[in-house]
Amino acid sequence: MKNILIIVMALAIVTLAVSTLFAQKKSNGKPIIGISSYSENGKVQLNLPYVKSVRAAGGIALVIPVTCDEEQIEAVLDHIDGLVMTGGDDVDPQIFGEQPHPRLGAVGPERDRFDIMLIQKALKKGLPIMGICRGEQLLNVAMGGTMIQDIPSQVQGAIKHRQDGPRNYASHAIKIEKGSLAYKCFGSDSTSVNSFHHQAVAKLAPGLKVTAVAPDGVIEIIEKIGDEKVFGVQFHPEGFVAEGDMRFLPLFKHLVEMSSK
Ligand code: MN
């Protein structure tokens with residue numbers, strides 16, 4: 001009897017220690033969501049809508065400054081529960097084995113390295129990841145995929161993916177795969193999204209699947225096969241949430257929910 005009691009007590013202590021270990025990153029039960037930044041003119045830069053969206057979904061937003069220092073990246077990853085990879089400049093095509101197309105825009109080697117390291121290390125740790133625009137493209141590249149360097153010159157019959165309207169204006173339709181995470185978030189097999197890109201996912205990386213496309217076939221949502229924690233969208237859901245339009249909030253809520261486990 002005494003032995004059983006000791007075993008039960010020991011188990012209780014171990015359970016408590018393990019749960020404390022896993023719970024220590026969260027702040028008051030809210031998950032800490034790291035958001036990738038970039039640097040410009042000697043400053044760390046991040047568009048506030050990403051921060052607002054993470055907060056609106058119930059997460060604690062934490063800005064991750066650009067660095068190629070592995071120790072810095074790993075230490076930050078040890079302190080977050082989920083990750084948002086943000087939008088930005090073009091990706092250096094040499095990373096996925098191509099030479100620059102004449103219409104390739106500005107590239108930033110430091111940010112490319114930072115983003116890829118962040119994604120690969122986060123994947124290894126099993127952290128939830130939401131990629132947005134460039135972040136979605138980098139998720140694919142970091143896992144071994146390739147990119148369309150310039151949609152207007154490389155996609156036949158392409159629609160306009162660089163809209164002139166405001167950030168919270170949905171300029172083109174997307175078709176969503178039934179049964180996907182995106183379908184669950186929107187409760188529909190079609191919706192309209194904003195569009196501020198001239199690049200897109202080309203060859204999909206192993207382990208990813210396409211769950212939404214534009215009418216011209218351009219990939220708009222990707223998800224990791226068998227793992228709803230990792231996904232990317234080509235559009236900018238934060239552009240709506242930051243303006244009080246909550247139609248794409250479910251994507252951020254999903255990330256926060258996955259990061260709360
Ligand atoms: Mn688009």
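Criteria and cut-off values
Residues numbered from 1 in each chain as written. Predicted model: local features only at pLDDT ≥ 70, side-chain atom pairs only at ≥ 80, totals over all residues. Heavy atoms only, no water. Helix = DSSP H or I, 4+ residues; strand = E, 2+ residues; numbered from the N terminus. Rg over C-alpha atoms; globule rule 2.2 N^0.38 Å. Buried < 20%, exposed > 50% of the residue type's maximum accessible area, 1.4 Å probe, protein only. Contact = heavy atoms within 4.5 Å. Areas by Shrake-Rupley, 256 points an atom, 1.4 Å probe, with all protein chains shown as cover. Lys, Arg positive; Asp, Glu negative; His and termini not counted. Charge placed at Lys NZ, Arg CZ, Asp CG, Glu CD. Donors = N, O, S within 2.8 Å, 3.2 Å for Na, K, Ca; no water. Polar contact = N/O pair within 3.5 Å; in protein donor to acceptor, adjacent residues only side chain to side chain. Axes fitted to C-alpha atoms, helices over the stretch in contact; angles between N-to-C directions. Parallel < 35°, antiparallel > 145°, perpendicular 65-115°, else oblique. Left-handed = near helix turned anticlockwise from the far one by under 90°. 1 Å grid on protein atoms, 1.4 Å probe; cavity = no way out; pocket = protein on both sides within 12 Å on 5 of 7 lines; lining within 4 Å. Points joined across faces, edges and corners; volume = space filled by probe spheres on them. Nonpolar A, V, L, I, M, F, W, Y, C, P; charged D, E, K, R; others polar. Phe/Tyr/Trp six-rings, centres within 6.5 Å; stacked < 30°, edge-to-face > 60°. Lys NZ or Arg CZ within 6 Å of the ring centre and 35° of its normal.

The number of helices and strands found in the protein chain is nine helices and 13 strands. For the protein chain, the C-alpha radius of gyration of 20 Å lies close to 18 Å, the compact-globule estimate for 261 residues. Seen along its three principal axes, the alpha-carbon backbone of the protein chain occupies a region of about 75 × 40 × 35 Å. With 261 residues in all, the protein chain has 47% of them scored as buried. Sequence separation of 24 or more characterises 70% of the internal contacts of the protein chain that already satisfy a separation of 6 or more. On the protein chain, roughly 12,700 Å² of surface is accessible, and the fraction owed to carbon and sulfur atoms is 55%. Mean positive and mean negative side-chain charge positions of the protein chain (27 and 28 charges, respectively) differ by 6 Å.

Before going further, it helps to examine the coordination of the manganese ion. The coordination sphere of the manganese ion contains the protein donors H161 (ND1), H172 (NE2), S195 (OG), H197 (NE2) and E220 (OE), at a distance range of 2.3 Å. Donor residues for the manganese ion, ordered by position in the chain, follow H-x10-H-x22-S-x1-H-x22-E. One end of the pair, H172, is in strand β8 (residues 172-176); the other, H197, is in the loop between β9 (190-193) and β10 (200-201), and 25 residues separate them in sequence.

The next subject is the side chain of Q149. With respect to the helices and strands, the residue Q149 is situated in the loop between β7 (147-148) and α6 (151-154). Looking at Q149, its side chain comes within polar contact range of the main-chain oxygen of Q99, at 3.0 Å. Setting aside chain neighbours within four positions, we find Q149 in contact with P93, F96, E98, Q99, P100, H101, L104, Q154, H198 and Q199.

Below, the discussion takes up the packing of helix α3 (residues 70-77) against helix α4 (residues 109-125). Running from N to C, α3 and α4 point in directions that differ by 45°, and their axes come no closer than 10 Å. Judged on the interaxial angle alone, α4 and α3 are oblique. The two elements α3 and α4 cross, and the hand of that crossing is right-handed. For the pair α3 and α4, the contacting residues are E70, I73, E74 and L77 in the first and F114, M117, L118, K121, A122 and K125 in the second.

By volume, the largest pocket is sized at about 570 Å³. Where the lining of the largest pocket is concerned, the elements lending two or more residues are β2 (38-40), α4 and α5 (134-142). Class assignment for the residues of the lining of the largest pocket results in eight nonpolar, twelve polar and eight charged.

Bringing the packing of aromatic side chains into the picture now. All chains considered together, the criterion is met by three aromatic pairs. On the numbers, 5.2 Å between centres and 45° between planes, the contact of F235 with F248 is tilted. Of this pair, F235 sits in the loop between β13 (227-233) and α8 (238-241) while F248 sits in the loop between α8 and α9 (249-259); the two residues are 13 residues apart in sequence, bridging distant segments of the chain. Assigned by exposure class, F235 and F248 land together as buried. Measuring from centroid to centroid gives 4.9 Å for F240 and F248, while their planes differ by 65°, and the two rings are edge-to-face. Grouping residues by exposure puts F240 and F248 together as buried. Taken together, the aromatic side chains of F186, F235, F240 and F248 make up a single cluster linked through ring pairs. The ring centre of F196 lies 4.1 Å from the NZ or CZ of R167, which sits over that ring.

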